[in-house]
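# Structure at a glance
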Amino acid sequence: MENVTLQTLADQLGLHVSSVSRALNNSPQVSPATREKVKAAAEALGYRPDPMLGALARYRKAGTRPPFRETLAWITAFPAPDTWRQLPVAPRYRQGCQTRAESLGYQLVDYWLDPAISGRRHADILHSRGVRGLLIAPLPDPVRTLSLPLQTFPVVAMGPTLEHPRVHRVLNDLFDNIRVAMDQLAERGYRRPVLHLSRSTDARTRHLFISAFLGAEIAGRALQSRDVYRFDQPDTEAFLRFLQRRKADVVIDCESGVSEACLRDAGLRVPEDIGLLTANLPTQNTRQSGLKENPEEAGAAAVDLLVSLPLQPSALPQNPRTVMVEGYWREGQSLSAIRDLSRR
């Protein structure tokens with residue numbers, strides 16, 4: 001009989017393996033409904049915890065914190081010290097960075113690049129505080145150049161917004177997320193998708209959403225049409241008119257800005273009349289189908305990459321590395337089921 005693992009349960013339920021683990025351990029971070037669903041699936045499939053892994057986990061949990069090594073800095077460049085928190089994904093990146101840093105014995109401190117201070121002065125301050133490496137937070141502008149001289153620090157940037165200088169970076173695999181989304185839509189018989197995103201998001205992500213969306217047809221998807229709706233400011237009425245003109249049968253929302261309520265107000269039932277897929281599901285979303293990113297995993301990967309770099313580099317990397325962290329599919333109620341393929 002095949003061994004049933006946490007990954008088996010995660011694949012069966014469309015959840016991340018960490019969510020399955022938390023549910024089985026009654027974590028308050030997981031909703032009661034999800035905990036019950038996971039436990040029921042575990043019982044049905046005959047899942048049994050590995051006693052050796054459980055013992056190892058208890059040993060690690062009971063162990064002492066690793067000895068302090070050095071300091072890492074979380075670098076932000078917004079107009080004010082704390083406005084970076086307004087980006088929904090940024091605090092989750094930082095949490096992933098902090099958790100991994102502390103597990104390895106590093107301290108993570110926040111450092112704001114005050115525009116009133118020169119880049120050279122900022123570098124001197126960071127060196128004087130004993131900072132060993134820099135984690136560049138997502139930047140406020142779609143494309144941003146930092147004046148901070150980075151050649152004497154190990155550096156890893158979070159996300160795609162830092163264009164210059166070229167450094168190592170870690171980001172969620174947005175391109176793959178849309179590829180997975182298009183596969184899901186094809187299996188359900190959708191043929192006229194519309195991609196919904198702002199021009200700001202398009203620029204911040206370096207057009208990865210659009211590239212993957214348009215590439216899906218080239219890759220052989222049997223689409224009748226595919227359209228992109230880009231906007232500067234949200235305009236629900238204009239968007240609904242666009243859907244009607246294009247006779248769209250599903251929306252891929254990259255902004256978490258298309259609600260079932262607004263579609264319903266226009267006389268469109270979800271998913272009976274039109275499907276709704278969210279490319280980056282909010283943490284609290286329980287109904288919509290779509291992709292969930294892994295900002296915490298990306299943060300942990302950034303720390304792993306950072307501490308592997310030379311302690312005192314003399315120049316920027318000639319061949320910067322990019323680490324891509326995949327998202328995962330979460331089944332909801334806003335798309336037709338795969339078995340309904342014949343009706344479309």
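Before any of the text, the structure's been laid out above.
So, here is what we can say about the structure in this document. The numbering scheme is per chain: residues are counted from 1 as the chain's sequence reads. A pLDDT threshold of at least 70 governs which residues receive local features in this predicted model, and a stricter bar of 80 or more applies before side-chain atom pairs are shown or counted, although totals over entire chains, interfaces and linings include all residues. Hydrogen atoms and water are omitted, and side-chain values are computed over all heavy atoms in the structure.

Before going further, it helps to examine the environment of histidine 196. Checked against the element boundaries, histidine 196 lands in strand S8 (residues 193-198). Within the structure, histidine 196 has its side chain in polar contact with the side chain of aspartate 253 (distance 2.9 Å). Going along the chain from the N terminus, every DSSP run of H or I of four or more residues is numbered as a helix, and every run of E of two or more is numbered as a strand. Within 3.5 Å is the distance limit for a polar contact, defined as a pair of N or O atoms, with the added protein rule that one can donate a hydrogen and the other accept it, and that residues adjacent in sequence qualify only through two side-chain atoms.

Stacked, edge-to-face and tilted labels apply to pairs of Phe, Tyr and Trp rings (six-membered ring for Trp) whose centres lie within 6.5 Å, assigned for plane angles under 30 degrees, over 60, and everything in between, in that order. If you walk through the whole model with that rule in mind, you get four aromatic pairs. With a centroid separation of 5.0 Å and 55° between ring planes, the pair formed by tyrosine 229 and phenylalanine 239 is classed as tilted. Of this pair, tyrosine 229 sits in strand S9 (residues 227-231) while phenylalanine 239 is found in helix H10 (residues 236-246), placing the two residues 10 residues apart along the sequence. Both residues of the pair, tyrosine 229 and phenylalanine 239, belong to the buried class. A connected cluster of aromatic rings, assembled from ring pairs, spans Tyr229, Phe231, Phe239 and Phe242. The cut-offs for exposure are 20% and 50% of the maximum accessible area for each residue type, with area from a 1.4 Å probe on protein chains only; residues under the lower value are buried, those over the upper are exposed, and the others partly exposed.

Quick look at the packing of helix H1 (residues 6-13) against helix H2 (residues 17-24) now. Look at H1 against H2: their axes get within 8 Å of each other, and the N-to-C directions meet at 105°. The angle between the axes of H1 and H2 places the two elements in the roughly perpendicular class. Residues Leu6, Gln7, Leu9 and Ala10 of H1 form the contact with H2, whose own contacting residues are Val17, Val20, Ser21 and Leu24. When residues are sorted by character, Ala, Val, Leu, Ile, Met, Phe, Trp, Tyr, Cys and Pro go into the nonpolar class, Asp, Glu, Lys and Arg into the charged class, and all the rest, Gly among them, into the polar class. Residue composition of the contact of H1 with H2, grouped by class: six nonpolar, two polar and no charged. In this analysis, axes come from line fits to C-alpha atoms, helices being fitted only over the stretch in contact, and the angle between any two N-to-C directions falls in the range 0 to 180 degrees. Angles are sorted into four bins: roughly parallel if under 35 degrees, roughly antiparallel if over 145, roughly perpendicular if 65 to 115, and oblique for all others. Any pair of residues with heavy atoms lying within 4.5 Å of one another is described as a contacting pair.

In this section: the packing of H1 against helix H3 (residues 32-45). Taken N-terminus to C-terminus, the directions of H1 and H3 make an angle of 115°; their axes are 10 Å apart at the nearest point. The crossing of H1 and H3 is right-handed. Between H1, through Leu9, Gln12 and Leu13, and H3, the contact on the second element is made entirely by Lys37, Val38, Ala41, Ala42 and Leu45. Residues that form the contact of H1 with H3 fall into these classes: six nonpolar, one polar and one charged. We call a crossing left-handed when the near helix sits turned anticlockwise from the far one by less than a right angle, and right-handed when that turn is clockwise.

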